[in-house]
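Coordinate analysis (summary)
Here are the chains, one letter per residue:
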Amino acid sequence: MDMIFFESDRLSLERVLQRPDLEELLAPLRAGLTKLPRNDELFARSLAAAPVVLGVAGVLVEQPPATTDLVAPPVLVQSEALALQLQRFDDAVRSTAELDLAARGRGNLAQPPERDGIVRRVPLLVRIADRLVPSLDLEMLRVASGADRIVLRGDRAGATVKIDSLRLPTEPDGRMWVHYAPHLPERFVSAGDILDGKLQPGALEGRILLVGLTGIGLLDQ
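Before going further, it helps to spend a moment on the overall build of the protein chain. Helix and strand content of the protein chain: eight helices and 12 strands. Each of the three principal axes of the protein chain carries a C-alpha extent, and together these read 70 × 45 × 35 Å. Put simply, the protein chain has 221 residues, and 34% of those count as buried. Considering only contacts within the protein chain whose residues lie at least 6 apart along the sequence, 72% involve residues at least 24 apart. For the protein chain, the computed accessible surface area is about 14200 Å², with 56% contributed by carbon and sulfur atoms.

Here we take up the nonpolar core. One finds Leu125, Leu138, Ile150, Leu152 and Val161 to be the most contacted residues of the largest nonpolar core, which totals 15 residues. If you list the elements that add at least two residues to this core, you get α5 (80–84), β9 (150–155) and β10 (158–163). Broken down by element, the residue count for this core peaks at three residues, all from β10. When neighbours within four sequence positions are excluded, Ile150 is seen to be in contact with Pro73, Pro74, Val75, Leu76, Leu125, Pro134, Leu138, Glu139, Arg142, Val161, Lys162 and Ile163.

You can see Arg142 is positioned in helix α7 (residues 136–145). Separated by 2.8 Å, the side chains of Arg142 and Glu139 make a polar contact. Residues contacting Arg142, with those up to four places away along its chain left out, are Pro73, Arg104, Ala147, Asp148, Arg149, Ile150 and Ile163.

What counts and what doesn't
- Residues numbered from 1 in each chain as written.
- Predicted model: local features only at pLDDT ≥ 70, side-chain atom pairs only at ≥ 80, totals over all residues.
- Heavy atoms only, no water.
- Helix = DSSP H or I, 4+ residues; strand = E, 2+ residues; numbered from the N terminus.
- Buried < 20%, exposed > 50% of the residue type's maximum accessible area, 1.4 Å probe, protein only.
- Contact = heavy atoms within 4.5 Å.
- Areas by Shrake-Rupley, 256 points an atom, 1.4 Å probe, with all protein chains shown as cover.
- Core = buried A, V, L, I, M, F, W, Y, C linked by side-chain atoms within 4.5 Å.
- Polar contact = N/O pair within 3.5 Å; in protein donor to acceptor, adjacent residues only side chain to side chain.

Structural data, given as structure tokens:
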């Protein structure tokens with residue numbers, strides 16, 4: 001999920017029932033509506049039922065915490081000096097605890113651009129407080145492969161991130177150069193088409209999916 005759900009759903013029924021302007025309209029239905037599950041509860045069930053990775057965003061804050069309770073996969077590092085070369089964030093913006101705990105993995109979305117504002121290199125691993133956290137794409141690969149850990153090896157000349165038999169060479173700070181592909185319309189699927197049943201059965205089978213936003217003003221992470 002290339003997005004962060006850091007607030008509860010404002011359209012969930014328990015939120016709607018609190019609106020004073022709808023009190024008279026909803027009064028006859030209140031008893032039945034209060035028995036229905038919350039939207040976030042339904043969403044958490046869906047997340048838990050599939051191998052889903054949620055996004056988190058590393059941030060810098062004025063009073064950084066010494067530690068974080070952010071859940072991340074084990075990262076075996078060859079040396080502490082190598083870990084200290086990774087880009088560091090003080091804390092992370094993440095989804096609500098209910099959704100966060102339902103996900104199979106979490107990956108960093110914070111990708112600092114170059115000086116001209118263009119993202120050319122992406123950190124595969126970053127430090128968030130006292131935790132090493134993989135990027136969203138790296139965590140997607142880990143979850144898809146069923147691996148239980150990530151390995152970081154290297155020195156000041158360069159590093160390698162390893163998941164099972166997959167080895168990804170990076171710069172010493174854990175960043176990898178991005179080789180952008182041309183825009184291919186067939187790689188994009190509308191959520192509306194999925195919900196309306198217009199997609200052919202099996203079209204997404206065996207695929208790794210990125211769920212994101214394309215609305216004007218929302219931008220992509």
